[in-house]
Amino acid sequence: MLEQLLIFTRGGLILWTCKEIGNALKGSPIDTLIRSCLLEERSGAASFNYDAPGAAYTLKWTFHNELGLVFVAVYQRILHLLYVDDLLSMVKREFAKIYDPKRTVYHEFDETFKQLKMEAEARAEELKKSKPVGKPVSNGKRQGHGQKGGYDGGNKDRSEGGLANDGGDGDGEGEGHKMGNGYANGNHIGAKDSKMTAVVKGKENTSSNNGAFDVNKLQKLRSKGGKKTDTVDNKVPKVDTKKKITKKNRVWDDKPPPTKLDFTQTVDGKGNGNDNVHDVEEVHGESMMDIEEVVSSESESEEDEEVGKESKLDAKKKGWFSSMFQSIAGKANLEKADLEPALKALKDRLMTKNVAEEIAEKLCESVSASLEGKKLASFTRVSSTVQAAMEEALVRILTPRRSIDILRDVHAAKEQNKPYVVVFVGVNGVGKSTNLAKVAYWLLQHKVSVMMAACDTFRSGAVEQLRTHARRLQIPIFEKGYEKDPAIVAKEAIQEAVRNGSDVVLVDTAGRMQDNEPLMRALSKLVNLNNPDLVLFVGEALVGNDAVDQLSKFNQKLADLSTSPSPRLIDGILLTKFDTIDDKVGAALSMVYVSGAPVMFVGCGQSYTDLKKLNVKSIVKTLLA
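Since we're looking at a predicted model, the values are computed, not measured. (Residues numbered from 1 in each chain as written. Predicted model: local features only at pLDDT ≥ 70, side-chain atom pairs only at ≥ 80, totals over all residues. Heavy atoms only, no water.)

Engineer: How should I be thinking about the overall build of the protein chain in this particular structure?
Structural biologist: Broken down by element type, the protein chain carries 22 helices and 15 strands. Counting only residues that meet the buried cut, the protein chain has 40% of its 625 residues in that class. Pairs at least 24 residues apart make up 72% of the contacts formed inside the protein chain by residues separated by at least 6 positions. Total accessible area on the protein chain stands at roughly 36,400 Å², and carbon and sulfur atoms take up 52% of it. (Helix = DSSP H or I, 4+ residues; strand = E, 2+ residues; numbered from the N terminus. Buried < 20%, exposed > 50% of the residue type's maximum accessible area, 1.4 Å probe, protein only. Contact = heavy atoms within 4.5 Å. Areas by Shrake-Rupley, 256 points an atom, 1.4 Å probe, with all protein chains shown as cover.)

Engineer: Looking at this structure, I do not really get helix α3 (residues 109–130). What am I missing?
Structural biologist: Residue pairs spaced three or four apart in an α-helix point in one direction, given the helix's 3.6 residues per turn. With 22 residues, α3 should reach 32 Å at 1.5 Å per residue; the first-to-last C-alpha distance of 31 Å fits that figure. Of all the positions in α3, only Phe109, Asp110, Phe113, Leu116, Lys117, Ala120 and Ala124 are classed as buried. Viewed end-on, α3 has its buried residues packed into an arc of 120 degrees, placing them on one side of the element. Pointing more than 90 degrees away from the buried face of α3 are the exposed residues Glu111, Gln115, Met118, Glu126, Lys129 and Ser130. Of the surrounding secondary structure, the elements contacted by the buried residues of α3 are β1 (2–9), β2 (14–17) and α2 (84–98). (Expected span 1.5 Å × (residues − 1). Arc of directions from axis to C-beta.)

Engineer: I keep staring at the pattern of salt bridges and nothing clicks. Help me out?
Structural biologist: Any two side chains of opposite charge can pair, given that their charged atoms come close. Applying the stated rule across the entire model yields 24 salt bridges. Across the salt bridge formed by Glu361 and Lys347, the nearest N and O atoms sit 3.8 Å from each other. Of this pair, Glu361 sits in helix α13 (residues 357–371) while Lys347 sits in helix α12 (residues 336–352), placing them 14 residues apart in sequence. When its relative accessible area of 35% is taken as the criterion, Glu361 is described as partly exposed. Here the salt bridges do not stand alone but share partners, grouping Arg93, Glu94 and Lys97 into one network. (Salt bridge = Lys/Arg side-chain N within 4 Å of Asp/Glu carboxyl O.)

Engineer: In this structure, what is going on with the side chain of Gln514? I would like to understand it.
Structural biologist: Mapping Gln514 onto the fold places it in the loop between β11 (504–508) and α19 (517–530). The exposure class of Gln514 is buried, given its relative accessible area of 2%. Only 2.8 Å separates the side chain of Gln514 from the side chain of Asp549, close enough to count as a polar contact. Beyond its immediate sequence surroundings of up to four residues, Gln514 is in contact with Val427, Met520, Asp546, Asp549, Gln550, Lys553, Phe554 and Lys557. (Polar contact = N/O pair within 3.5 Å; in protein donor to acceptor, adjacent residues only side chain to side chain.)

Engineer: Mind showing me how you'd approach the sheet that holds strand β5 (residues 69–76) here?
Structural biologist: Remark on secondary structure: sheet strands pair via backbone hydrogen bonds, oriented parallel or antiparallel. Reading across the sheet, the five strands line up as β2-β1-β5-β4-β3 and stay open at both edges, with antiparallel pairing between neighbours. The open sheet terminates on both sides in strands that have one partner only, identified here as β2 and β3 (48–52). Here the strands of the sheet are splayed against their neighbours by 25 degrees on average, with no regard to which way each runs. Alignment of β1 against β5, held across seven bridges, turns out to be antiparallel. What sits directly across from Ile7, in β5, is Phe71. (Pairing = 2+ DSSP bridges. Axes fitted to C-alpha atoms, helices over the stretch in contact; angles between N-to-C directions.)

Engineer: Just checking my understanding: could you explain the sheet that holds strand β9 (residues 450–454) for this structure?
Structural biologist: A sheet is described by the order of its strands in space; here eight strands give the open sequence β10-β9-β11-β8-β12-β13-β14-β15, paired in mixed fashion. The open sheet has two free edges, formed respectively by β10 (477–478) and β15 (611–612), since each of these has just one partner strand. The sheet contact formed by strand β14 (residues 599–603) and β15 spans two bridges and is antiparallel. Counted as the bridge partner of Gly603 is Leu611 from β15. Contacts between helix α15 (residues 406–415) and the sheet are confined to β8 (420–425), β11, β12 (534–540) and β14, with β8 contributing the most and set at about 135 degrees to the helix. Across the sheet, helix α21 (residues 586–595) lies against β12, β13 (572–576) and β14, angled at about 165 degrees from β13, the strand it touches most.

Engineer: I'm lost on the pairing of β9 in this one. Help?
Structural biologist: One face of the sheet, then the other: side chains in a regular strand alternate in exactly this way. Of all five residues in β9, five are buried, a share of seventy percent or more. Here β9 shows a buried face lined by Val450, Met452 and Ala454 and a second buried face lined by Met451 and Ala453. For β9 and β11, the ladder comprises five bridges, and the chain directions are parallel. In the strand pairing of β11, Met451 is matched with Val505. Of the strand pairs in this sheet, β9 and β10 are connected by two bridges, and their pairing is parallel. Following the sheet pairing, Ala453 is matched in β10 by Phe478. This β-α-β element, β9 to helix α17 (residues 462–473) to β10, shows right-handed connectivity. (Right-handed = clockwise from strand over helix to strand, strands pointing away.)

Engineer: Would you take a moment to explain empty space enclosed by the protein for this structure?
Structural biologist: Any space left empty among the atoms is revealed by the rolling of a water-sized probe across them. By the definition in use, this model includes three cavities of 30 Å³ or more. Forming the boundary of the largest cavity are Glu40, Ile397, Thr399, Pro400, Arg401, Val592, Gly596, Ala597 and Pro598. Class assignment for the residues of the lining of the largest cavity results in five nonpolar, two polar and two charged. (1 Å grid on protein atoms, 1.4 Å probe; cavity = no way out; pocket = protein on both sides within 12 Å on 5 of 7 lines; lining within 4 Å. Points joined across faces, edges and corners; volume = space filled by probe spheres on them. Nonpolar A, V, L, I, M, F, W, Y, C, P; charged D, E, K, R; others polar.)

Engineer: Can you walk me through the nonpolar core in this structure?
Structural biologist: Nonpolar side chains in soluble globular proteins tend to end up buried together. Ranked by size, the top nonpolar core spans 109 residues in total, and within it Leu506 and Phe601 carry the most contacts. When residues of this core are assigned to their parent elements, the largest contribution, eight residues, is made by helix α14 (residues 382–398). Ignoring sequence-local partners within four residues, the contact set of Phe601 consists of Met289, Ile406, Val439, Trp442, Leu536, Ile573, Leu574, Leu575, Leu611 and Lys612. With 25 residues, the next largest nonpolar core counts Phe71, Leu88, Phe109 and Leu116 among its residues. (Core = buried A, V, L, I, M, F, W, Y, C linked by side-chain atoms within 4.5 Å.)

Engineer: What is the right way to look at the packing of α12 against α14 in this model?
Structural biologist: Helix packing geometry: the angle between the two helix axes and the distance between the axes. Where α12 meets α14, the axes come as close as 9 Å, and the angle between the chain directions of the two elements is 50 degrees. Judged by the inter-axis angle, α12 sits oblique to α14. Between α12 and α14 lies a crossing whose hand is right-handed. In this structure, α12 uses Asp338, Leu339, Ala342, Leu343, Leu346, Arg349 and Leu350 to contact α14, whose residues at the interface are Val382, Ser383, Val386, Gln387 and Met390. Among the residues making up the contact of α12 with α14, the classes are represented as eight nonpolar, two polar and two charged. (Parallel < 35°, antiparallel > 145°, perpendicular 65-115°, else oblique. Left-handed = near helix turned anticlockwise from the far one by under 90°.)

Engineer: Looking at this model, I keep getting lost on a nonpolar patch on the surface. Mind explaining?
Structural biologist: A contiguous nonpolar patch, built from Met1, Ile78 and Leu79 and spanning about 330 Å² of accessible area, is present on the exposed surface. Along the chain, Ile78 turns up in the loop between β5 and α2. (Patch = residues over 30% accessible without salt bridge, like charges linked within 9 Å, V, L, I, M, F, W, Y side chains within 5 Å.)

Engineer: So what exactly am I meant to see when it comes to α2 here?
Structural biologist: Taking 1.5 Å per residue as the helical rise, α2 with its 15 residues ought to reach 21 Å, and the 21 Å between its terminal C-alpha atoms agrees with that figure. Among all positions in α2, only Val84, Leu87, Leu88, Met90, Val91 and Phe95 are buried. Buried residues of α2 fall within an arc of 170 degrees about the axis and therefore sit on the same side.

Engineer: Looking at this model, I keep getting lost on the UniProt feature "domain: SRP54-type proteins GTP-binding" (unreviewed entry) in the protein chain. Mind explaining?
Structural biologist: Mapped onto this structure's residue numbering, the UniProt feature "domain: SRP54-type proteins GTP-binding" (unreviewed entry) falls at residues 598–611. Measuring from the first to the last C-alpha atom of residues 598–611 gives 16 Å, for a span that is 0% helix and 43% strand. (UniProt positions renumbered as here; feature names shortened; annotations may be inferred.)

Engineer: Before we go on, may I ask you to explain the environment of Val463 in this structure?
Structural biologist: Looking at the element boundaries, Val463 is found in helix α17. In this structure Val463 comes out as buried when scored by relative accessible area, which is 1%. Between the alpha carbons of Val463 and Tyr482 there is a distance of 8.0 Å; along the sequence they are 19 residues apart. The residues contacting Val463, other than those within four sequence positions of it, are Ala454, Asp456, Glu479, Gly481 and Tyr482.

The following block contains the structure:
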């Protein structure tokens, strides 16, 4: 049974709801759909599942882009209603006929909806009855005719002498009846088939030994005169065992190497290290977090070039006059076939910029859903319309949905006489400790007292690394050594910060892979026990498709392993090694799209000042360039 059907504008004005459906929805499925799907460029999906206490709903929707209307249907997930898509399309068609932008009440649509619902239900029943039921094939028929595997198309290919590949061609399970070991459905194959498999094995052997030396071929070449054998023999490299290359120490600029390279130890041996550290702020300067980045407003020459290429192709296909007339008069309504070439080019471009394939595909589907049915303006091409829609979508995704002003939150926590706790999590080797020190340096510049907590009690040298950063920045560090429970160490560090009056506690954790259950359980315990103010996921800007897997599994594990009914998930992202990727900035988009968490910091170097904010306009411009 249909639970609810709703029609509203893109601005949020509800125009009509189904009054005959009296069931009150549990939770807020439509608000959640708008917030987490429609506004996040996930509208290209077929449906949306919403779980509430005591209920599980499925939501389906469609758009009328020309009028700016949204049609949403809600029903119980267990029912699997087949007529919902058909009903939504009929409601959209009939409501568009009576829609007036000046009206807000449509009582007369109630009777129309009743008839449309009856028609859709009747059509679904007819489809159920007319759907043919496949008859089971007897075992004897399989042995006689279907023994060579596959459906009729597969048998036809084999009878014509073509050999099928092992992977099949997507025909389903029929292609799997014939095994590579010479058996089909538990029965031995005939002699003819065994010859065929022998040929396949022979071809496999020859193809796998392409790099080996062919003796028969060499004998044929010798019989012809041996001209080519010399070239073959000459290509074989000779190993000279007499010469041994010894590596010499490299000397830079003809200067002798310094006598001491290890600066971690103090000169006086007292352990304070202050005489080696002058003023870090004077040495390194101002953090890049406080420097506004200016994006040049140059004309997108590459975009114009793409538009020019497409216009030439269109002119060749349609003719000069028809393409010129269409650009002047405008197209009636954009259809899916019109959008596909431009969307395909955009998808390829996003993937070349390191955006995960799954994310690029979903974005294109969402843009297609938002443009389909819209009227193309005069003197406007499809490619430029699609590009503008994609640019708006990318800006909307990358722009944080909530405030990410850490300094304001730090002062708010200080007024409550408690420290602001930040936990850094992530996989191995992404630079958590280094970027923790950069964040500490930025906070010190804003006169915020910081304390580090060495909760990476697993990796050798992790405590010493953090101790060196703390000594250079002249800030306290709380440590308990190795092989301790990180959750307890973090708890004691927070208690120490309360006693010392520290404003911020930066908690360093051990790197862990997203599939390592014991380490993920320990991380979940640390987060649940200490309830930090901010959980920062530290990820590399170098990753592509792996970014989706890392963030989704980190969030999933934190939710699954939590004992709290409202588990803490990732609140923000710190992207590292951003200076090494050139224009491959797609990891930022993939991470934000998957988690919904904003990029709060970007690491772009190896000194303490190399930390900056994410410039959304610059990222979008780079992605679409």
